[in-house]
Amino acid sequence: MNAISKLDRRGFLISALAVGGGLSLGVIPTGAQALGKDGEPCEFCPWITIAPDDTVTVQVPTPEIGNGAMTQCAMTVAEELNCAWPTIHAEFASTNRNFQQQNVYANGPGPIYGFFAGRSTNAGRLKPLLQAGASARERLKTAAAQAWKVPVSEVVAKDSVLTHAPTGRTLRYGQVAARAAAVVLDKEPAPKPRSEWTLLGRAAPGKLNNAAIVRGQTQYGMDVRLPNMLYAALMQSPVHGGKLKSYDFEAIRRMPGVHSVVVVDPSEPRVKLPFDSPLPMSTSTAQSAVAVLADHYWQARKALEALPVVWDDGEGARWKSTEQLQDAALAVCESPGKVMLTRGDGAGPLTSGEGRLVEASYLTPYCEHAAIEPLNGTALVTADRVDLWHPSQQSQQAFCVAVEESGVDPKNVYVHQTFVGGGFGRRVFGNDVRMVVAVAKKVPGRPVHVIWSREEVMRQGRYRPMEAAKLSARLDAQGMPVVLRARAAGNGHSLTGLQDSVYAGGAIPNVQMETAVMPIHILTGPYRGPSYNTNAFFAESFIDECAHAANIDPLEYRLKLLAAWPDPHWAKCLKEAATQSGWGQPLPRGQGRGIAISNWSGGGKPNAGTTVAAVARVEVTPAGVLTVHQVDLAVDPGGVVNQDAVRAMMEGGVIFGVNMTLNEGLTVKDGRIVESNFHEYPMVRVAETPTIRIHFGAVSNGERFSEVGEAPVGPVGPAIVNAIFAATGKRIRQTPLRKQDLSWA
Amino acid sequence: MSTTITVNGVVHKVDADPSTPLLWVLRDHLGMTGTKYGCGVAQCGACTVQIDGVAARSCQAPLEALAGVKITTIEGLSADGNHPLQTAWVDLNVPQCGYCQAGVLMAASALLKDNPHPTDADIDAAVTNICRCGSYVRIRAGIHAAAKALHAQHKV
């Protein structure tokens, strides 16, 4: 009889309730898998097992999409567990276990994005993992003290070794793990204060999975291989929302390896999910589709290309061109929209200032995430069980979608989270999960690996929305804005980027923001820095236009706006980026510097979110050929737990921002997305990468550890167009820049 | 239809249509999943392998053209993951999601074989892979670090 089986249901509930606040903190084991047999790992709590060879395995709820979230969770546990870093391993936590064992990892689905999404450093993540590590450490110490019959206060835990300080006797963690896992502490230890951290904010380990990556051994969704597996090549209605009319299986039946054709019908009845999901299930709806199944993917794909298919394009086909969509969105901005925010007399007339009226309209296009791992997933569906191997960005949402699409009892639905070859928001909603399960359930008993071709990925996105915006400002006699009005239109957007900005947060006294959602069929979704990535471009381009109208240096103008802002680190970020970039120093003709600042997720409040300021230095030839030479970026996420990981996110984010601004933009023809692959949707490569310099001089070391992935995408684009203006006098109000006329002189 | 090919020094008999791209032969017939599918049109470079020591997009190499050549994939880059590029990649924390990196490493190792001291311009020309995470700054640094390490090895 082990200690765990003595824990009754009430005992578990008390341990979980002790933490509360939406997150579960099991600090003791739950369920039958608690104590290992000889040689097996012992479970200290749902988060941590320790094996006799000292290996510590941390169950990580966050998928690893490249941001290091998995490593961060392990590092957080190690901070309190005091284990040697090389002993740490990480696995993806089971969403099935979370369901079956009453939310051992997260109390319910949580707020949007939930606990099983890609973030790792907010207080909600740090606290339970620090507590779990501290609890396990104290139980190891207690077990050693019991073995030595000494007071626990005389035992020190460090680098996976327990030492009896007075005598120098030692035991390794693995040697006492079985005994320690059964220890019930009288009182849970308090995690140490931040000032005593030795790993977090001090060390900067690389990702745990780097060694596997460089050997080609990491298992992404694409690499799942199961016995008797079929491959499926998928084609969805080329016009989103269209319907399959007919197809001719006879035309491909005899092609090599072909097994069958499967149809996905969105109107087919589906069960309603019997519990809440992290994101609305409506974000994961099925699209009308046909899939060819074969022994090998290449066979499936060739057969799909040969399959005669007729589609009913539906409503979306009325949008004949990109220009038609853009014109419609710009026209909507001429009328009042839904008011998202009003401050002061923002709704009043734009006639209240003594200075100039500045007005400008901007356009940003649909953009595709273009993760290099194409969408895919593998499912084995039977009448009473589902196994899904998937590169999800939100494994709890994936679990919910698999339950709903299969209709199988959630107790018998297992999502096996794989590594993810890039997320950027595309794999959050779980519509990819739905298509995989929808295909696989038609071939019960056989695992089916469903693969989107690159062309299918590009044309069946959940895109960054196209958006138009009209911004207006009345300046005072000194040239500073008294009233700012913004109207935006598109599908699937909000004005987050402006609402998160200092301008809406109080720096400009009178503000109103309005949006209009247009009924466009093209499917949209979160894309690195949702809506922020667009609206930072609008806001920071426009403020630059105001500065020019006021004849004030763009840096100085922004510092004036921030003069009374209660969070001084905004101004510090600006000054840091500007100083490091050589702001104000002369440049050759045709070159210019531009500056921009933005904040991701702080809601326009001081000391919140991640603040980033960027200076871009560009060169434009008289014929209009653009080169981005250098980007200096200063960041303040509050506190930093792994500086190298933050730096990597900033470097990658700058490139993402450069690419989004210079290259990305989908075109629409007769309701369909035109671009098919990277030859039509170009990507920045090593050769076009500017010098990127990330600066930490403005870090506030504040209480928060704000998320860092999205933030850098905001200021890069506007810094580039502001630099183009400085270099050429030409104001560019639309992206991608590769399609704009930048010629001058 | 069976074709014989040599991958990482091992001879394999492959039963597949002769037009099947090497990429899918490796992944689906030989179970070597380190080589990745990214675009299928020779744009992204995730499928890069070496054919007779030269970096090549395996999505464009049909099985029928591969008799008698020596194919090297990421699984064969080094015996135990200790190629100087692999070491540099871990030391400099180059990968983010890592999906593209096998292809990048195969392109970079082909470069270093021909050119032990590549300049930035040499790297620009030889490593044309797409990394959506944007690890380019570290890819460049990693190649320079590996070149240095190789130089030091040869001196010993």
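Remember, predicted model here, so these are calculated numbers, not experimental data.

Visitor: Sorry, what's going on with the overall build of chain A here?
Guide: Of regular secondary structure, chain A possesses 18 helices and 27 strands. Against the compact-globule benchmark of 27 Å for 745 residues, chain A has a radius of gyration of 28 Å, which places it among compact chains. Summarising its shape, the C-alpha atoms of chain A cover approximately 85 × 75 × 45 Å along the three principal directions. For chain A, with 745 residues in total, the buried portion stands at 64%. By sequence separation, contacts in chain A at least 24 residues apart represent 77% of the contacts at least 6 residues apart. Distance from the positive charge centre (72 side chains) to the negative charge centre (68 side chains) of chain A: 1 Å.

Visitor: Explain the pairing of strand β15 (residues 376–382) of chain A here, please?
Guide: Regular strands have side chains that alternate between both faces of the sheet. Residues and elements named next belong to chain A. Across the seven residues that make up β15, a large majority, five, are buried. Pairing of β15 with strand β18 (residues 448–451) involves four bridges; the strand directions are antiparallel. Within β18, the residue paired with Gly 377 across the bridge is Val 450. By the bridge criterion, five bridges tie β15 to strand β16 (residues 385–390) in an arrangement that is antiparallel. The residue bridging Thr 382 from the neighbouring strand is Arg 385, located in β16. A loop of two residues connects β15 with β16, the two strands running antiparallel in sequence.

Visitor: Honestly, the domain arrangement of chain A in this entry has me stumped. Any pointers?
Guide: Where interface size is quoted, it is often the accessible area lost as the parts come together. Residues and elements named next belong to chain A. Along its sequence, chain A is carved into domain 1 (4–214), domain 2 (221–314 + 375–451) and domain 3 (322–367 + 463–739). The interface of domain 1 with domain 2 comprises 21 residues on the first partner and 24 residues on the second. Across the interface of domain 1 and domain 2, roughly 1800 Å² is buried in total on both sides, 63% from carbon and sulfur atoms. Here domain 1 is connected to domain 2 by zero salt bridges. The greatest single-element share of the side of domain 1 that touches domain 2, amounting to five residues, is contributed by helix α3 (residues 95–100). Of the residues contributing to the side of domain 1 that touches domain 2, the split by class is twelve nonpolar, eight polar and one charged.

Visitor: For this particular structure, what's the right way to read the sheet that holds β16 of chain A?
Guide: Sheet strands pair via backbone hydrogen bonds, and the direction of the pair is either parallel or antiparallel. All names here are of chain A. Overall, mixed pairing links the seven strands, which are arranged β10-β11-β8-β18-β15-β16-β17 in an open sheet. Each having just a single partner strand, β10 (258–264) and β17 (413–417) make up the two edges of the open sheet. Adjacent strand axes in the sheet meet at a mean angle of 20° when their direction is disregarded. Pairing analysis gives five bridges linking β16 to β17, with the strands arranged parallel. Bridge assignment links His 390 to a residue of β17, and that residue is Gln 417. Its contacts with the sheet place helix α7 (residues 297–306) against β8 (230–236), β10, β11 (289–294) and β18, and it is angled at close to 30° to β8.

Visitor: I'm lost on the interface of chain B and chain A in this one. Help?
Guide: Between chain B and chain A, the residue contacts involve 47 residues of the former and 57 residues of the latter. Between chain B and chain A, the buried area comes to about 4300 Å², and carbon and sulfur atoms account for 57% of it. Among the residues of chain B in contact with chain A, Gln 96, Arg 132 and Tyr 136 of chain B are the three that bury the most area, contributing 19% of the side total. Our enumeration of links across chain B and chain A arrives at six salt bridges. A salt bridge links Glu 651 of chain A to Arg 138 of chain B; the shortest N-O distance between them is 2.8 Å. Where chain B packs against chain A, one counts 30 residue pairs in polar contact (both at pLDDT 80 or more). The set of elements that each furnish at least two residues to the side of chain B that touches chain A consists of α1 (22–29), α2 (84–91), α3 (101–114), α4 (120–126) and α5 (136–155) of chain B. The dominant element in the side of chain B that touches chain A, judged by the number of residues it contributes, is α5 of chain B, at five residues.

Criteria and thresholds
- Residues numbered from 1 in each chain as written.
- Chains lettered and ligands numbered in written order.
- Predicted model: local features only at pLDDT ≥ 70, side-chain atom pairs only at ≥ 80, totals over all residues.
- Heavy atoms only, no water.
- Helix = DSSP H or I, 4+ residues; strand = E, 2+ residues; numbered from the N terminus.
- Rg over C-alpha atoms; globule rule 2.2 N^0.38 Å.
- Buried < 20%, exposed > 50% of the residue type's maximum accessible area, 1.4 Å probe, protein only.
- Contact = heavy atoms within 4.5 Å.
- Lys, Arg positive; Asp, Glu negative; His and termini not counted.
- Charge placed at Lys NZ, Arg CZ, Asp CG, Glu CD.
- Pairing = 2+ DSSP bridges.
- Domains from an automatic or database assignment.
- Buried area = accessible area lost by both parts, 1.4 Å probe.
- Salt bridge = Lys/Arg side-chain N within 4 Å of Asp/Glu carboxyl O.
- Nonpolar A, V, L, I, M, F, W, Y, C, P; charged D, E, K, R; others polar.
- Axes fitted to C-alpha atoms, helices over the stretch in contact; angles between N-to-C directions.
- Polar contact = N/O pair within 3.5 Å; in protein donor to acceptor, adjacent residues only side chain to side chain.

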